[in-house]
Amino acid sequence: MNLRTFLLGTCSAAALAGLTHAGWAQAETLTIATVNNGDMIRMQKLTDDFTSKNPDIQLEWVTLEENVLRQRVTTDIATKGGQYDIMTIGTYEVPIWAKQGWLLPLDNLGPEYDVDDLLPAIRSGLTIDGKLYAAPFYGESSMVMYRKDLFEKAGLTMPDAPTWEFVAEAARKITDKSNEIYGICLRGKAGWGENMAFLTATANAFGARWFDENWKPQFDQPEWKNALDFYVKLMNDAGPPGASSNGFNENLSLFQTGKCGMWIDATVAASFVTNPKESTVADKVGFALAPDTGLGKRGNWLWAWNLAVPAGTQKAEAAQKFIAWATGKEYLNLVAEKEGWANVPPGTRISLYENPEYQKAAPFAKMTLDSINAADPKNPAVKPVPYVGVQFVAIPEFQGLGTAVGQVFSAALAGQMSVDQALASAQQLSTREMIKAGYIK
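The following refers to the structure shown. (Residues numbered from 1 in each chain as written. Predicted model: local features only at pLDDT ≥ 70, side-chain atom pairs only at ≥ 80, totals over all residues. Heavy atoms only, no water.)

What follows covers the pattern of salt bridges. Enumeration according to the criterion identifies 22 salt bridges in this entry. Between Glu66 and Arg70 there is a salt bridge; the shortest N-O distance is 2.9 Å. Of the two residues, Glu66 and Arg70 both sit in helix α5 (residues 66-78), 4 residues apart, roughly one turn of that helix. Note on accessibility: Glu66 and Arg70 belong to one class, buried. A salt bridge links Glu250 to Lys189; the shortest N-O distance between them is 3.0 Å. You can see Glu250 sitting in helix α12 (residues 248-256) and its partner Lys189 sitting in the loop between α9 (164-174) and α10 (195-205), a full 61 residues away along the chain. With a relative accessible area of 29%, Glu250 lands in the partly exposed category. A residue is classified by how much of its surface remains accessible, and Lys189, at 15% relative accessible area, is buried. A network of salt bridges, in which partner residues are shared, links Glu65, Lys189 and Glu250. (Salt bridge = Lys/Arg side-chain N within 4 Å of Asp/Glu carboxyl O. Helix = DSSP H or I, 4+ residues; strand = E, 2+ residues; numbered from the N terminus. Buried < 20%, exposed > 50% of the residue type's maximum accessible area, 1.4 Å probe, protein only.)

Attention now goes to unusual backbone geometry. Of note in the backbone geometry, Lys80 takes a positive phi value of approximately 55° without being a glycine. Its location among the elements puts Lys80 in the loop between α5 and β3 (86-90). With a phi angle near 50°, Asp129 is a residue other than glycine that sits in the positive phi range. Note on placement: Asp129 falls in the loop between β4 (127-128) and β5 (131-132).

A separate point is the packing of aromatic side chains. For the structure on display, the rule yields 35 aromatic pairs. Ring geometry for Trp303 against Trp305: centres 5.6 Å apart, planes inclined by 90°, an arrangement best described as edge-to-face. When its relative accessible area of 5% is taken as the criterion, Trp303 is described as buried. Seen from their ring centres, Trp303 and Phe392 are 5.9 Å apart, and the 75° between their planes marks the pair as edge-to-face. Of this pair, Trp303 sits in strand β10 (residues 303-308) while Phe392 sits in the loop between α18 (365-374) and α19 (398-413), placing them 89 residues apart in sequence. In this structure, Arg70 is placed above the aromatic ring of Trp192, and the distance from its NZ or CZ to the ring centre is 4.4 Å. Over the ring of Tyr113 we find Arg349; its NZ or CZ atom is 4.8 Å from the centre of that ring. (Phe/Tyr/Trp six-rings, centres within 6.5 Å; stacked < 30°, edge-to-face > 60°. Lys NZ or Arg CZ within 6 Å of the ring centre and 35° of its normal.)

Between helix α3 (residues 38-45) and helix α15 (residues 329-339), whose axes approach to 12 Å, the crossing angle comes to 90°. On the basis of their axis angle, the class for α3 and α15 is roughly perpendicular. In this structure, α3 contributes Asp39, Arg42 and Met43 to the contact, and α15 contributes Tyr331, Val335 and Glu339. Residues that form the contact of α3 with α15 fall into these classes: 3 nonpolar, no polar and 3 charged. (Axes fitted to C-alpha atoms, helices over the stretch in contact; angles between N-to-C directions. Parallel < 35°, antiparallel > 145°, perpendicular 65-115°, else oblique. Contact = heavy atoms within 4.5 Å. Nonpolar A, V, L, I, M, F, W, Y, C, P; charged D, E, K, R; others polar.)

What follows covers the state of the cysteines. In this structure the tally under the stated criterion is 1 disulfide. Covalent S-S linkage joins Cys185 and Cys260, the inter-sulfur distance amounting to 2.0 Å. Given an S-S torsion of about -80°, the disulfide between Cys185 and Cys260 has left-handed geometry. Here Cys185 is found in the loop between α9 and α10, whereas its partner Cys260 is found in the loop between α12 and β8 (262-266), with 75 residues between them in sequence. Relative accessible area serves as the criterion here: at 0%, Cys185 is assigned to the buried category. Exposure remark for Cys260: the relative accessible area of 0% places this residue in the buried category. (Disulfide = S-S within 2.5 Å.)

The end-to-end C-alpha distance of helix α20 (residues 419-436) is 26 Å, a good match for the 26 Å that 18 residues give at a rise of 1.5 Å each. Close packing links the buried residues of α20 with α11 (222-238) and α19. Gly438, located one to two residues past α20, shows a positive phi value of around 85°. (Expected span 1.5 Å × (residues − 1).)

Take the sheet that holds β3 next. Taken together, 5 strands build an open sheet; the order of strands is β2-β1-β3-β10-β6 and the sheet is mixed. Two strands lie at the open edges of the sheet, namely β2 (57-64) and β6 (135-140), each paired on one side alone. Within this sheet the neighbouring strands show an average axis-to-axis angle of 20°, counted without direction. Strand direction decides the pairing type here: strand β1 (residues 28-35) and β2, joined by 8 bridges, are parallel. The residue bridging Ala33 from the neighbouring strand is Val62, located in β2. Contacts from α3 reach β1, β2, β3, β6 and β10 within the one sheet, and its direction differs from that of β6 by about 140°. (Pairing = 2+ DSSP bridges.)

Below is the structure:
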């Protein structure tokens, strides 16, 4: 008896028809690791569009807080764990991991994808030896988001390109702690991509740098002392309580609920703080460039959250299909149709910033693009540096080192140690790590 005759004897005709129609094949399941940011949550809600077009592919999501995501995907890829078929990773990881052979090149995104439409500033950080190793889901710089009503009440006018001195004065002036209004919300949560992203970009504007041209750590220099002193004093005077626990999502929530006069953070937040469904201050928000101190550098970073395919996956073809869907032009149109143009993932495509509908719906579009284009990863600091990266240092050791330094700076903000102690500790940690890694003797 052959298998078909056996099945006819034991299965209903309808069940057999289903099995025959399915071609005896199960749907392929892609496991996707991503960050719990608003744009990624929205993407998960819209994936029926992808699965209806690709019924042979199912999706399984692993959605994690930023620091946890970084730890999990790094461990998995370095140990060849193979847990994920698609990883959400940043501009920092892409070139380092690609050179290690840990990522597959995205050379099968399809003819409709239009790689040349990707913004050059974003694309260049994801391209190694002419090949794209990750596709940007959204790109960002950083800028000032502020409450126009609070500024008006205090008789203040925000310049398009403010100084840190002006920002600090304004923050102290509009703080009203008795009514839970804090002049400024800034990242304090420890992590190389949390508080150290903000503090490294800010320190650039103060003339500081992580390392001199010979890779000697610079935390014992006056520029870092000025930057960290300024930040801790400002946050003590005008920041919310418990700021050392606040990262991007915590500050977003504070701003949306009307508790921050200013927030200096990722440009991607603009659509969330101006969305009346999510923000109680949606119609009161203004935007300005990240502040400077007159030394020629602003504290605006350059970043993209990207989708990449780890070399260990057995499902590369299906993974690239999903990435082409999630980072392609049609996805932007899908979000616009469901959520409005203002909520489209920003900072990745030239065509988006040329789209009159987007320009009209997103008052922050020009400021975002200007900030992205103004960031200079090859010359991030006032003084020369041996590294690439604005809010990070593009060396493999930075992930651990940045987080360790972030922990002592977060402790200084919490009042558990002085600024001087934190800087001495950062200098010691960095020197030890750079000797161990062979950068210095």
